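Examining the three-dimensional arrangement
One-letter residues, chain by chain:
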Amino acid sequence: MASQVTAKTVSGTRPKSESKKSRDNQTTSPVEQIAIEASGYDLRYGPLERIGSVIVDNFPRLGRLTAVRFLEWVLQNPTGSVALPTGKTPEYFIKYVMHYLRNWNRKDVRAELESMGLPTDRKPVMSDLRFVQIDEFYPIDTRQHNSFRYYVSKYYLGEFGLDPAKAMLIDPSHIGLPRGLRITDVFPEMTVDLTLRVRKAKTLLEKRQQAVLEQVDQFCTEYERKIRGMGGIGFFLGGIGPDGHIAFNVRGADFYSTTRLYEPNYETRAAAASDLGGMEVARSKHVITIGMQTITYNKNAVAIIIAAGEAKAKVVANTIQSEAINRFPGSALSVLPNARFYLTKGAAKRLTNRSFIDLERCETVSDRQIHKIVMDLSLDNNKTIENLTEADFKANRFGAELLTKTKQSPQALKELTHKQILDNLVKGNRPIEQKSFLHTAPHHDDIILAYLPYVTNLVRRSSTVHHFAYMTSGFNAVTNSYMHNAIEDVLKRMNRGEFDELLARHYFDPNSTQARKIDVSYYHEGAARNHEDKKTEAVSRRLLRNLFEVYEEDRADNIKERCAELLNYFATQYPGKKDIAIVQQLKGRVREYESELKWAYYGFLGEAVRHLRLGFYKGDLFTEPPRIDRDVPPIHDLLREVNPDIVTVAFDPEGSGPDTHYKVLQAVSQALKEYEKESGRHDIRVLGYRNVWFKFHPSESNLFVPTSLTHLTDMDNCFDSCFNTQKTASFPSYEMDGPFSRLARKIQVKQFDQIKTMLGEDFFVNSKDHGMRACRGIVYLSDMALPEFYAASEELKNVAEAM
């Protein structure tokens with residue numbers, strides 16, 4: 001079985017570019033040719049790359065190129081068949097298609113389209129196209145807004161103007177159901193048991209389910225037959241999942257698979273959890289999907305896979321650079337001459353030949369590039385840096401090119417990188433005194449998962465001052481089932497009179513700062529004594545206080561009525577549906593309470609923890625960018641109040657973590673610029689961090705924090721104790737089925753292994769520093785002066801203004 005392709009495995013090859021018409025008959029359209037020339041790369045570099053790629057700068061431009069290529073194809077194939085994707089990835093594709101269709105006659109729009117290679121003498125007619133829905137969850141009520149059937153009806157049949165009569169749709173709400181029955185009548189738990197295909201039904205309900213399953217399987221066969229009957233799919237556009245899935249053809253999918261109902265893998269379910277309202281729902285869902293052979297049946301098909309962000313770089317590289325194997329389903333597209341990957345620079349980052357071309361084109365090699373190549377040599381060869389030989393450098397084309405470009409000896413390059421690693425460790429282990437920190441986070445568990453060991457070390461110094469600011473309310477991370485149970489507990493306690501005395505003392509006054517602190521300390525008293533009921537009571541106290549606040553009520557009887565309404569709401573809303581505003585507020589305050597619990601764990605109460613609730617965070621599928629007039633002033637005001645020496649920020653690349661991270665970074669960057677100009681504080685340092693969504697390469701970090709078993713255990717305990725909404729991992733990472741704290745621990749231990757490989761195990765065992773000897777994990781941080789931070793985040797401004 002093929003493994004990930006690395007620079008080492010292809011060290012003896014040099015990239016060969018492909019002309020407009022290559023040896024395997026790949027041809028480029030006028031739109032593609034202009035995009036390829038603008039990218040500075042060729043379409044494909046053989047023999048390593050099996051599928052052509054077009055690279056653009058950022059996510060919006062990815063959507064624009066895809067939209068124009070789609071419109072070009074429609075003009076050439078006005079009655080062709082198209083299959084278009086769902087989810088967040090096609091956001092800018094959809095927006096640009098709508099923009100161009102609505103403004104086709106504007107001179108500036110026509111000029112833009114013509115500059116990209118699209119003729120504008122005829123406007124594309126969408127209503128003559130035949131549409132093929134790619135996939136759908138099963139079972140699901142397709143009236144729900146998180147069903148793919150709803151999505152394609154809203155955007156493609158609705159906004160694009162495709163004709164529903166010419167559309168092939170997947171509608172589980174009707175497929176195979178007996179007359180007069182709803183899908184919930186057949187699958188009351190909204191789960192399906194596929195063993196009914198091969199075993200006898202045991203109950204009347206199972207007999208009914210078995211009969212419907214037979215009809216669903218027949219539907220899939222007929223669906224496939226219809227697609228082939230019209231010659232296959234002419235234009236396929238899709239994304240790529242974390243395991244490499246195309247449509248819902250997951251890792252290991254048969255290249256000859258057709259339309260079918262089947263069970264997806266964990267990674268695919270984890271990626272879908274946010275759409276479905278939590279892993280509790282996603283874990284039981286199956287899918288109907290077209291197969292890989294469905295996509296490749298038409299050998300003249302244009303098949304485009306779009307991917308944005310460095311988080312997709314590994315799976316993209318594995319797919320493009322792999323021979324056609326089931327492990328990477330997208331590699332099956334190599335049989336199509338018109339198959340393409342449209343990628344942002346981040347998503348293309350691990351395409352080996354292109355990385356080498358970038359290195360060749362550099363007039364000078366930066367220290368960071370040197371460090372990366374030397375570190376990769378050490379890790380690839382499983383050797384310490386000191387033990388790397390000249391032969392190791394010359395056997396690797398990146399290492400050989402580094403020797404040529406720098407004209408330095410291997411020994412000098414090794415010493416430079418070795419010294420940098422040691423300096424980073426010293427910096428991460430150095431005590432800091434007399435400094436004020438403003439720790440910022442998009443979500444309430446970002447800091448604990450990213451760099452809690454560093455905070456733990458800092459707070460031991462009484463001369464340091466700390467403020468923690470959460471930019472969003474994080475309501476999307478709280479499930480309806482959690483809220484139902486919490487509201488139910490509040491109502492039971494009120495009916496039993498448990499809160500009567502506190503109500504009489506006006507304890508639940510939302511403006512009582514002291515009572516809010518007691519909510520927190522009461523919880524930790526319960527945690528210290530292992531009294532679960534006391535902890536639950538503390539949660540109910542804070543929730544009741546929040547109910548008084550958001551409903552603006554002052555009578556307990558009215559709150560009881562509100563609780564009854566909320567219980568009905570949480571029991572009847574389907575998981576994943578966008579909540580009404582007042583429920584968003586309640587869920588958000590639950591998350592805010594958890595962050596207050598976390599920092600009280602270390603002695604920080606009250607004004608030390610701030611909740612800014614930036615306005616761009618609304619729970620929509622396509623979230624709006626930050627607005628300078630709305631989202632920047634709260635951060636600017638806080639900077640003015642705190643006057644920090646060091647500001648921490650989530651520093652994920654574009655499209656590589658939750659897009660909230662990226663948007664908060666834009667807002668913080670702008671606020672810092674305004675504050676620097678106002679205050680004259682040019683000495684502020686910025687610490688960039690990453691957590692479970694994306695990781696630094698060690699060469700991208702200049703501050704390594706040694707982490708002990710005590711630190712790792714402390715992180716686990718703090719997360720388990722304080723983040724009640726996250727214990728069940730309702731919205732997990734695709735990398736681990738479990739709480740985020742376990743994944744963060746795994747990442748930090750892996751980073752320790754990287755440093756140990758580069759320095760040697762003896763370095764830590766024989767260190768004179770007890771913290772180094774105790775080190776079993778490493779946290780990577782990026783310490784930046786303001787100009788460096790602004791330069792790194794300047795791309796964000798360009799992205800925000802790209803539409």
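This structure is a prediction, so every number in the text was calculated from the model and none was measured.

1. Some words on the overall build of the protein chain
For the protein chain, the count of helices and strands is 31 helices and 19 strands. In terms of C-alpha radius of gyration, the protein chain reaches 28 Å, essentially the compact-globule figure of 28 Å for 803 residues. Its C-alpha atoms give the protein chain principal-axis dimensions of roughly 80 × 75 × 60 Å. The 803 residues of the protein chain split such that 58% are buried. For the protein chain, the accessible area works out to roughly 32800 Å², and carbon and sulfur atoms hold 49% of it. Separation between the mean location of the 108 positive side-chain charges and that of the 103 negative ones in the protein chain comes to 3 Å.

2. Some remarks on empty space enclosed by the protein
Tallied over the entire structure, the rule returns three cavities of 30 Å³ or more. Only helix H17 (446-459), helix H28 (740-759) and strand S19 (775-785) provide two or more residues apiece to the lining of the largest cavity. Split by residue class, the lining of the largest cavity holds ten nonpolar, three polar and two charged. In this structure, the second largest cavity spans a volume of roughly 90 Å³. Going through the elements one at a time, helix H18 (480-495), helix H21 (532-551) and helix H23 (581-600) are the ones with two or more residues in the lining of the second largest cavity. Class assignment for the residues of the lining of the second largest cavity results in six nonpolar, two polar and three charged.

3. A few points about the environment of Ile-305
Within the element layout of this structure, Ile-305 appears in strand S11 (residues 302-307). On the basis of relative accessible area, Ile-305 is assigned to the buried category, the value being 0%. With residues up to four places along the chain from it excluded, the contact list for Ile-305 reads Phe-236, Gly-238, Gly-239, Ile-240, Ile-246, Leu-333, Arg-340, Phe-341 and Tyr-342.

4. Thoughts on the state of the cysteines
Evaluated as defined, the whole model comprises zero disulfides. There is no disulfide at Cys-722, and the cysteine sulfur nearest it, in Cys-718, is 4.2 Å away. Looking at Cys-722, the relative accessible area reads 0%, which means it is buried.

5. Describing helix H15 (residues 397-406)
Most of H15 is tucked away, with seven of its ten residues classed as buried. Residue Asn-396 occupies the N-cap position of H15, its side-chain oxygen lying 2.8 Å from the main-chain nitrogen of Phe-398. Just downstream of H15, Lys-407 is the residue with a positive phi angle, here 55°.

6. Overview of the pairing of strand S18 (residues 703-708)
Within a regular beta strand, the side chains point alternately toward one face of the sheet and then the other, so they alternate between its two faces. Among the six residues that make up S18, six are buried, leaving the element largely enclosed by the rest of the structure. By the alternation rule, side chains of S18 split into Leu-703, Val-705 and Thr-707 and Phe-704, Pro-706 and Ser-708, which are all buried. In the sheet, S18 pairs with S19 via six bridges, with the strands oriented antiparallel. Following the sheet pairing, Pro-706 is matched in S19 by Ile-778.

What counts, and at which threshold
Residues numbered from 1 in each chain as written. Predicted model: local features only at pLDDT ≥ 70, side-chain atom pairs only at ≥ 80, totals over all residues. Heavy atoms only, no water. Helix = DSSP H or I, 4+ residues; strand = E, 2+ residues; numbered from the N terminus. Rg over C-alpha atoms; globule rule 2.2 N^0.38 Å. Buried < 20%, exposed > 50% of the residue type's maximum accessible area, 1.4 Å probe, protein only. Areas by Shrake-Rupley, 256 points an atom, 1.4 Å probe, with all protein chains shown as cover. Lys, Arg positive; Asp, Glu negative; His and termini not counted. Charge placed at Lys NZ, Arg CZ, Asp CG, Glu CD. 1 Å grid on protein atoms, 1.4 Å probe; cavity = no way out; pocket = protein on both sides within 12 Å on 5 of 7 lines; lining within 4 Å. Points joined across faces, edges and corners; volume = space filled by probe spheres on them. Nonpolar A, V, L, I, M, F, W, Y, C, P; charged D, E, K, R; others polar. Contact = heavy atoms within 4.5 Å. Disulfide = S-S within 2.5 Å. Polar contact = N/O pair within 3.5 Å; in protein donor to acceptor, adjacent residues only side chain to side chain. Pairing = 2+ DSSP bridges.

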